[in-house]
Amino acid sequence: MSGFKSDFLQTLKERGFIHQISDESGLDAQLAKESTACYIGFDATAPSLHAGSLVQIMLLYWFQQTGHKPVALMGGGTTMVGDPSGKDESRQMLTTDLIGKNKDGIKRVFSRFLKFEEDGGSAIMADNADWLLNLNYVEFLREYGRFFSVNQMLARDSVKMRLEREQHLSFLEFNYMILQAYDFVELNKRPDCRLQMGGSDQWGNIVSGVDLGRRAGTPDLFALTTPLLTTSSGAKMGKTADGAIWLEEEMLSAYDYWQYWRNSEDADIERFMKLFTTLPLAEIARYAALEGAELNEAKKVL
């Protein structure tokens, strides 16, 4: 598409957020027609999110700014299973108490980016523990298990990678994509979520939810992912040799956080400004045109 009708998708296109969309024209029409609910899931594996999660947080920010209803989904249930996506080995099993503490820390991060209903805004914070922990296993299998193809599940990158490398993949982890898909169906019933967004590594899991919704008879559901984000030198976003760039000052000082962005590579400045700031595009273009020592001023702005 050369241009979008909806403000949200046009904003994402201009700022470089879009990697894949399951039904581009259908989603654009839906977002242009009415205020729509969308969610992104965040498992509570740590007491904060790090800079690698900022792209997803900014997606929800722009979703709210363009008149829609963002849902930040806490993975209170899925964290107990563990997402195998991009992992060479099983995640550490966390206690329910630790998961609860991690959720509290993550909620504080979101309060800086979104305006929630209790504060007069449209954003919602949900927790998939509310429905996953009360499922009856046999009833769930009879109702939804018939819609999943093991052949397709084995072909998902998160599973295929482990199997090809002959690395252990537990049946517990194998169930993750089923639970994530079910989240989409459940959230479509509650705040009427029509869109799930996430990083490109989540495409298979998100599309599974779209497909499950279609088979289970829900309205049209949509998927959108962002590109895998690395620095120009190929380093993973949000982490350094010293550890993660946490979004919580108790875990990383404000100075170290500032210094991380100040040390951005020259080639990344324009891209990072589009993704991680709310600066107008014309202003970003002026900073991107700077060269040499002047580019340091753009890094300070970032």
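Since the model is a prediction, treat every value here as computed from it, not as a measurement.

Cut-off values and rules
Residues numbered from 1 in each chain as written. Predicted model: local features only at pLDDT ≥ 70, side-chain atom pairs only at ≥ 80, totals over all residues. Heavy atoms only, no water. 1 Å grid on protein atoms, 1.4 Å probe; cavity = no way out; pocket = protein on both sides within 12 Å on 5 of 7 lines; lining within 4 Å. Points joined across faces, edges and corners; volume = space filled by probe spheres on them. Helix = DSSP H or I, 4+ residues; strand = E, 2+ residues; numbered from the N terminus. Polar contact = N/O pair within 3.5 Å; in protein donor to acceptor, adjacent residues only side chain to side chain. Contact = heavy atoms within 4.5 Å. Pairing = 2+ DSSP bridges. Axes fitted to C-alpha atoms, helices over the stretch in contact; angles between N-to-C directions. Parallel < 35°, antiparallel > 145°, perpendicular 65-115°, else oblique. Left-handed = near helix turned anticlockwise from the far one by under 90°.

Moving on, we get to empty space enclosed by the protein. Going through the model one piece at a time under the given rule, you end up with one cavity of 30 Å³ or more. Volume-wise, the largest cavity comes out at about 100 Å³. Phe147, Phe148, Ser149, Gln152, Met153, Arg156, Met177, Ser208, Asp211 and Leu212 together form the lining of the largest cavity. Contributions of two or more residues to the lining of the largest cavity are made by helix 7 (150-155) and helix 11 (203-216). It is helix 11 that contributes the most residues to the lining of the largest cavity, three residues altogether.

Another point: the side chain of Thr79. Tracing the sequence through the fold places Thr79 in the loop between strand 3 (69-74) and helix 4 (96-110). Polar contacts involving the side chain of Thr79 include one to the main-chain amide nitrogen of Ala44, which spans 2.8 Å. In this view, Thr79 contacts Asp43, Ala44, Thr45, Leu94 and Ile99; residues no more than four positions away in its chain are not counted.

Relative to the elements of secondary structure, His19 occurs in the loop between helix 1 (7-15) and strand 1 (20-21). Spatially, the C-alpha atoms of His19 and Ser200 are 7.1 Å apart, while their sequence positions differ by 181 residues. Not counting residues within four places of it along the chain, the set of residues in contact with His19 comprises Ser200, Thr225, Thr226 and Pro227.

A few words on the sheet that holds strand 6 (residues 222-226). Sheet strands line up and pair through hydrogen bonds in the backbone, either parallel or antiparallel. On the basis of which strands lie adjacent, the open sheet formed by six strands has the order 1-6-5-2-3-4 and mixed pairing. The outermost strands of the open sheet, each flanked by one partner alone, are strand 1 and strand 4 (124-127). Sheet topology places strand 1 next to strand 6; two bridges connect them, and they run antiparallel. The residue bridging Gln20 from the neighbouring strand is Thr225, located in strand 6. Docked against the sheet, helix 2 (residues 24-33) engages strand 1, strand 5 (193-199) and strand 6, running at close to 100 degrees with respect to strand 6.

At a minimum axis distance of 9 Å, the contact between helix 13 (residues 269-276) and helix 14 (residues 281-288) shows a crossing angle of 160 degrees. Considering the angle they form, helix 13 stands roughly antiparallel to helix 14. For the pair helix 13 and helix 14, the sense of crossing is right-handed. Residues Glu270, Met273 and Lys274 of helix 13 touch helix 14, and the partners they reach there are Leu281, Ile284, Tyr287 and Ala288.

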